[in-house]
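Single-letter residue listing:
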Amino acid sequence: MASSERAADADAVSTEETTQVLEFGLGDETYCLDIAYIDEIVDAGDLTAIPNSPRHVEGVMDLRGKTTTIIDPKTLLGVTGSGARERIIVFDPEEVDDGGTVGWVVDEVFQVRDVPADQVDEATTAGDDSVRGIVKGDDRFVVWVEPRTE
């Protein structure tokens with residue numbers, strides 16, 4: 001095998017073992033999502049409430065001509081605590097099968113970082129479909145959540 005082929009194989013292995021995630025805050029805790037699910041991040045704006053909508057639906061907003069449903073992930077995930085609610089993480093409609101454009105209103109967005117597979121503890125979240133695992137590192141834990149919309 002030529003050295004360029006070995007290098008390509010090594011790159012493929014390292015790419016498979018690392019996932020880029022977006023870290024964000026809800027209340028006093030830090031969570032993350034796989035960036036493959038995220039279309040964009042926008043500033044929180046004015047929302048129009050929808051009568052008789054589920055508790056987790058905050059309302060809708062116009063995002064470049066598309067009606068976007070805004071969800072409170074604190075309600076979905078059972079998170080307590082208040083925060084600034086400054087940003088909206090808009091999911092890629094191709095990746096999140098919900099039939100429309102959806103976003104989560106979060107307190108703040110921190111960073112995008114690479115997470116090696118060996119830093120993710122999936123055993124502690126057995127049976128919880130909304131949590132992919134716990135990311136260990138930097139003397140802290142970050143809860144890796146799935147992009148639920150209901």
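Positions within a chain are numbered from 1, following the residues in the order the chain's sequence is written. The model is predicted, so local features are restricted to residues of pLDDT at least 70 and side-chain atom pairs to those at 80 or more, both for listing and for counting; the totals for chains, interfaces and linings are taken over all residues. Hydrogen atoms and water are omitted, and side-chain values are computed over all heavy atoms in the structure.

- The name given to the protein chain in an unreviewed UniProt entry is Chemotaxis protein CheW, with the source organism recorded as Halobaculum roseum.

### Quick word on the confidence of the model for the protein chain
Thought 1: A score from 0 to 100, pLDDT tells how confident the predictor is in each residue. This prediction gives the protein chain a mean pLDDT of 85; 85% of its residues lie at or above 70.
Thought 2: Every helix listed is a DSSP run of H or I at least four residues long, and every strand listed is a run of E at least two residues long, numbered separately from the N terminus. Looking over the protein chain, one finds the lowest element-wise mean pLDDT in helix H1 (residues 3–17), namely 51, and the highest in strand E6 (residues 87–91), namely 96.
Thought 3: A contact between two residues is defined here by any heavy atoms of the two lying within 4.5 Å. Low pLDDT, under 50, characterises residues 6–15; the predicted model gives this stretch two contacts beyond four residues in sequence or across chains.

### Some remarks on the packing of aromatic side chains
Thought 1: Put simply, two rings from Phe, Tyr or Trp (the six-membered ring, in Trp's case) pair if the centres are within 6.5 Å, and we call them stacked under 30 degrees between planes, edge-to-face over 60, tilted for the rest. All chains considered together, the criterion is met by three aromatic pairs.
Thought 2: Look at Phe24 and Tyr31: their rings are 6.2 Å apart centre to centre, the planes differ by 25 degrees, and that puts the pair in the stacked class.
Thought 3: Note on Phe24: relative accessible area 0%, which makes it buried.
Thought 4: Where Phe24 meets Trp104, the ring centres are 6.2 Å apart and the plane angle is 70 degrees; that geometry is what we call edge-to-face. Taken together, the residues Phe24 in strand E1 (residues 18–26) and Trp104 in strand E7 (residues 101–106) connect sequence positions 80 residues apart. Working definition: with a 1.4 Å probe on protein chains only, accessible area under 20% of the residue-type maximum means buried, over 50% means exposed, and in between means partly exposed.

### Structural notes on the environment of Arg148
Thought 1: By secondary structure assignment, the location of Arg148 is in the segment after strand E11 (140–145).
Thought 2: Of the residues examined, Arg148 reaches a relative accessible area of 26% and is grouped as partly exposed.
Thought 3: Taking the C-alpha atoms as reference points, Arg148 and Val131, 17 residues apart in sequence, are found 9.7 Å from one another.
Thought 4: Arg148 has contacts with Leu76, Trp104 and Ser130, leaving out every residue within four places of it along the chain.

### What to know about the pairing of E6
Thought 1: Across the five residues that make up E6, a large majority, four, are buried.
Thought 2: Here a strand pair is declared whenever DSSP counts at least two bridges between the two strands. Bridge count between strand E3 (residues 38–43) and E6: five bridges; the pairing is antiparallel. In the strand pairing of E6, Val42 is matched with Ile88.
Thought 3: Strand direction decides the pairing type here: E6 and E7, joined by four bridges, are antiparallel. Following the sheet pairing, Ile89 is matched in E7 by Trp104.

### Focus: the sheet that holds E7
Thought 1: With respect to topology, five strands assemble into an open sheet ordered E3-E6-E7-E5-E4, the strand pairing being mixed. Sheet topology places E3 and strand E4 (57–63) at the edges, where each strand pairs with a single neighbour. Strand-to-strand twist across the sheet, computed as the mean angle between neighbouring axes with direction ignored, equals 30 degrees.
Thought 2: Two strands pair when backbone bridges link them, and E4 and strand E5 (residues 66–71) are joined in this way by six bridges, in the antiparallel orientation. Within E5, the residue paired with Asp62 across the bridge is Thr67. Here an axis means a line fitted to C-alpha atoms, over the contact stretch when the element is a helix, while the angle between two N-to-C directions is reported on a 0 to 180 degree scale.

### Comments concerning the nonpolar core
Thought 1: Counting residues in hydrophobic clusters, the biggest one holds 16 residues, and the most contacted among them are Phe24, Leu33, Ile89, Phe91 and Trp104.
Thought 2: Those elements that provide at least two residues to this core are E1, strand E2 (29–34), E6 and E7. Put simply, buried Ala, Val, Leu, Ile, Met, Phe, Trp, Tyr and Cys residues joined by side-chain atoms within 4.5 Å make one nonpolar core.

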